Amino acid sequence: MGTILFGALFCVVAILYGQRVFDYFVAKSFQPDSQIASINKSLSFTDYGQQLFYASKPQLQSQEEFNTSCKATERTAAMLGCYYQRQIFLFNVTNPELRGANEVTAAHEMLHASYDRLTIFEKMTVDKMVDEQYQLLRDDPTIKSLVGYYEKAEPGDVQNELHSIIGTTVKSLSPELESYYSQYFSDRAKVVQLNSDYNAVFKQVEKKANDLVAQIESL
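Since this is a predicted model, take the numbers as computed values, not measurements.

Trainee: Can you lay out the overall build of the chain for me, pointing to particular residues and giving the numbers?
Mentor: When helices and strands are counted, the chain shows 10 helices and 3 strands. Put simply, of all contacts in the chain between residues at least 6 apart along the chain, 67% involve residues at least 24 apart. If you sum the accessible surface of the chain, you get close to 13,000 Å²; carbon and sulfur atoms cover 57% of it.

Next up, the structure:
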């Protein structure tokens, strides 16, 4: 009887903690290059957030490498990263004006890794919190545009995307959701600010383009 109980207990522990133990050893054995280590440091991950990031063996890649790695899977709307077969691939943005793009993309993809590891019951709870937050944000132009993109590109994966988008781009969250994300980030506001800074560059370019179109049309 004791052997049966021990075996049952071992199975329960393996189911609940097996992936986390596996991630721990993969992350410990991963040797980040200087750029990946710098990204990790900039994001103020918690120990668990760093574990998930390093367990996903993140790589900064050139355009050709990135297109090969992420060809068959979802990428962020800006096409800067993907989480595929439990690995994180990042397009190496070198433009100094877009400082923070690599970091925000890395945080976004790490949250895909975290969502991937939630149990079905955990996902039900997290999805509910994320959806309640989304209802407050659904008229925000940026959120609306991103969700519209994923509804077309990845219709069965919108909750997963919202989990990453809200965690890296939205400043004020419900206390419950903020508490949830705190297991991954010790300073989530820093990630949100980095996102705001580099996206401001895109908005400036978009405004210039719209102004040029208006001038051409008036002529």
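Structure shown, so let's carry the discussion forward.
Trainee: Mind laying out unusual backbone geometry, listing which residues take part and the relevant values?
Mentor: Non-glycine residue glutamine 85 carries a positive phi angle of around 50°. Relative to the helices and strands, glutamine 85 resides in the loop between β2 (81-84) and β3 (87-91). With phi around 60°, arginine 86 is a residue other than glycine that occupies positive phi space. Inspection of the secondary structure puts arginine 86 in the loop between β2 and β3.

Trainee: Pulling in residues and values, what's your account of helix α8 (residues 158-169)?
Mentor: For α8, spanning 12 residues, the distance from its first C-alpha to its last is 16 Å, which sits close to the expected 16 Å at 1.5 Å a residue. With 10 of its 12 residues buried, α8 lies for the most part within the structure.

Trainee: Lay out a nonpolar patch on the surface with the relevant residues and their values.
Mentor: Residues Val21, Tyr24 and Phe25 make up a contiguous nonpolar surface patch of about 310 Å² in total accessible area. Its location among the elements puts phenylalanine 25 in helix α1 (residues 2-29). Residue classification places phenylalanine 25 among the exposed positions, given a relative accessible area of 55%.

Trainee: I'd like a rundown of the side chain of threonine 105, residues and numbers included.
Mentor: The topology assignment puts threonine 105 in helix α5 (residues 101-116). What threonine 105 contacts, discounting residues up to four positions off in sequence, is Leu80, Gly81 and Leu90.

Trainee: Break down the side chain of asparagine 102 for me, with residues and values.
Mentor: Tracing the chain through its elements places asparagine 102 in helix α5. Looking at asparagine 102, its side chain comes within polar contact range of the side chain of asparagine 92, at 3.5 Å. Those residues in contact with asparagine 102 that sit more than four places away from it in its chain are Ile39, Leu60, Leu90, Phe91, Asn92 and Val93.

Trainee: Any details on the sheet that holds β2? Residues and values, ideally.
Mentor: Strand order in the open sheet formed by 3 strands is β1-β3-β2, with mixed pairing between adjacent strands. At either margin of the open sheet sits one strand with a lone partner, and together these are β1 (59-61) and β2. Strand-to-strand, the axes of this sheet are offset by a mean angle of 25°, without reference to chain direction. By the bridge criterion, 4 bridges tie β2 to β3 in an arrangement that is antiparallel. Considered in β3, the bridge of cysteine 82 is made with phenylalanine 89.

Trainee: Any details on the pattern of salt bridges? Residues and values, ideally.
Mentor: Tallied over the full model, the rule gives 4 salt bridges. Linking glutamate 132 and lysine 128 is a salt bridge whose minimum nitrogen-to-oxygen distance equals 2.7 Å. Linking glutamate 132 with lysine 128, this pair stays in helix α6 (residues 120-137), spanning 4 residues, or about one helical turn. For glutamate 178, the salt bridge goes to arginine 188, with nearest N and O atoms at 2.8 Å. Taken together, the residues span a long stretch of sequence, with glutamate 178 in helix α9 (residues 175-181) and arginine 188 in helix α10 (residues 188-218) at a distance of 10 residues. Residue arginine 188 is classed as buried on the basis of its relative accessible area, which comes to 6%.

Trainee: An account of the state of the cysteines is requested, with residue identities and associated values reported.
Mentor: Summed over all chains, the structure comprises 1 disulfide. One disulfide bridge connects cysteine 70 with cysteine 82, the sulfur atoms lying 2.0 Å from each other. Looking along the S-S bond of the cysteine 70-cysteine 82 disulfide, the torsion reads about -75°, which is the left-handed sense. Residue cysteine 70 is found in the loop between α4 (63-69) and β2, and its partner cysteine 82 is found in strand β2; the two are separated by 12 residues along the sequence. By relative accessible area, which is 0% here, cysteine 70 ends up buried. When its relative accessible area of 0% is taken as the criterion, cysteine 82 is described as buried.

What counts, and at which threshold
Residues numbered from 1 in each chain as written. Predicted model: local features only at pLDDT ≥ 70, side-chain atom pairs only at ≥ 80, totals over all residues. Heavy atoms only, no water. Helix = DSSP H or I, 4+ residues; strand = E, 2+ residues; numbered from the N terminus. Contact = heavy atoms within 4.5 Å. Areas by Shrake-Rupley, 256 points an atom, 1.4 Å probe, with all protein chains shown as cover. Expected span 1.5 Å × (residues − 1). Buried < 20%, exposed > 50% of the residue type's maximum accessible area, 1.4 Å probe, protein only. Patch = residues over 30% accessible without salt bridge, like charges linked within 9 Å, V, L, I, M, F, W, Y side chains within 5 Å. Salt bridge = Lys/Arg side-chain N within 4 Å of Asp/Glu carboxyl O. Polar contact = N/O pair within 3.5 Å; in protein donor to acceptor, adjacent residues only side chain to side chain. Pairing = 2+ DSSP bridges. Axes fitted to C-alpha atoms, helices over the stretch in contact; angles between N-to-C directions. Disulfide = S-S within 2.5 Å.

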